[in-house]
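# Per-entry structural report
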Amino acid sequence: QVRLVESGGGLVQAGDSLRLSCVASTRIYNAMAWFRQAPGKEREFVSAVNWSGGSTYYADSVKGRFTISRDNDKRTTYLQINNLKPEDTAVYYCASRPVGELAATTYEYDTWGQGTQVTVSS
């Protein structure tokens with residue numbers, strides 16, 4: 001089974017940028033997604049990309065600030081986050097689903113990373 005490892009989180013100030021990375025243990029052509037979970041809240045969808053990178057989808061709350069991309073040769077999916085806000089503070093998880101087309105709900109993804117913490121101070 002493929003393993004996913006996220007990195008790139010940290011403590012930043014409002015307005016800063018971060019790029020999160022998710023490396024897969026093997027080359028996969030599955031749809032990939034980023035979710036996040038803030039303390040005391042349910043895990044929520046952030047963004048997804050299909051197997052080729054040609055199709056992407058974003059939650060309304062992050063449109064215009066977040067960009068998802070992937071490099072299949074490097075087995076890596078990225079999440080570029082610009083103009084970070086305190087409400088973006090959460091653990092960010094990447095996930096894969098066993099098909100190539102993207103989806104936006106947690107139950108459609110069967111493999112998850114351990115998460116990377118993003119904390120935004122005001």
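All of these numbers come straight from a predicted model, not from anything done at the bench.

Taken together, four strands build an open sheet; the order of strands is S1-S3-S8-S7 and the sheet is antiparallel. Every interior strand has two partners, whereas the edge strands, strand S1 (4-7) and strand S7 (66-71), have only one. Looking at each pair of strands side by side, their axes are set apart by 15 degrees on average, direction ignored. Taken together, the six bridges between strand S3 (residues 18-24) and strand S8 (residues 76-81) define a ladder with antiparallel strand orientation. When the bridges of S8 are listed, Ser21 appears paired with Tyr78.

Okay, the pattern of salt bridges next. This structure, assessed with the given rule, holds six salt bridges. Measuring nitrogen to oxygen at the nearest pair gives 3.1 Å for the salt bridge that ties Asp60 to Lys63. The closest approach of N and O atoms between Arg65 and Asp88, which form a salt bridge, is 2.7 Å. Of this pair, Arg65 sits in the loop between strand S6 (56-58) and S7 while Asp88 sits in the loop between S8 and strand S9 (90-96), and the two are 23 residues apart along the sequence. Given the relative accessible area of 1%, Asp88 is considered buried. Sharing partners across several salt bridges, the network here consists of Arg36, Glu44, Arg65 and Asp88.

The next subject is the packing of aromatic side chains. By the definition in use, this model includes five aromatic pairs. Here Tyr29 and Trp51 contribute two aromatic rings whose centre-to-centre distance is 6.3 Å and whose plane-to-plane angle is 65 degrees, an arrangement assigned as edge-to-face. Of the two residues, Tyr29 sits in the loop between S3 and strand S4 (32-37) while Trp51 sits in the loop between strand S5 (44-49) and S6, which places them 22 residues apart along the sequence. The exposure class of Trp51 is partly exposed, given its relative accessible area of 40%. For the pair Phe35 and Trp112, a centre-to-centre distance of 4.9 Å together with 50 degrees between the ring planes defines the contact as tilted.

Definitions and cut-offs
Residues numbered from 1 in each chain as written. Predicted model: local features only at pLDDT ≥ 70, side-chain atom pairs only at ≥ 80, totals over all residues. Heavy atoms only, no water. Pairing = 2+ DSSP bridges. Helix = DSSP H or I, 4+ residues; strand = E, 2+ residues; numbered from the N terminus. Axes fitted to C-alpha atoms, helices over the stretch in contact; angles between N-to-C directions. Salt bridge = Lys/Arg side-chain N within 4 Å of Asp/Glu carboxyl O. Buried < 20%, exposed > 50% of the residue type's maximum accessible area, 1.4 Å probe, protein only. Phe/Tyr/Trp six-rings, centres within 6.5 Å; stacked < 30°, edge-to-face > 60°.

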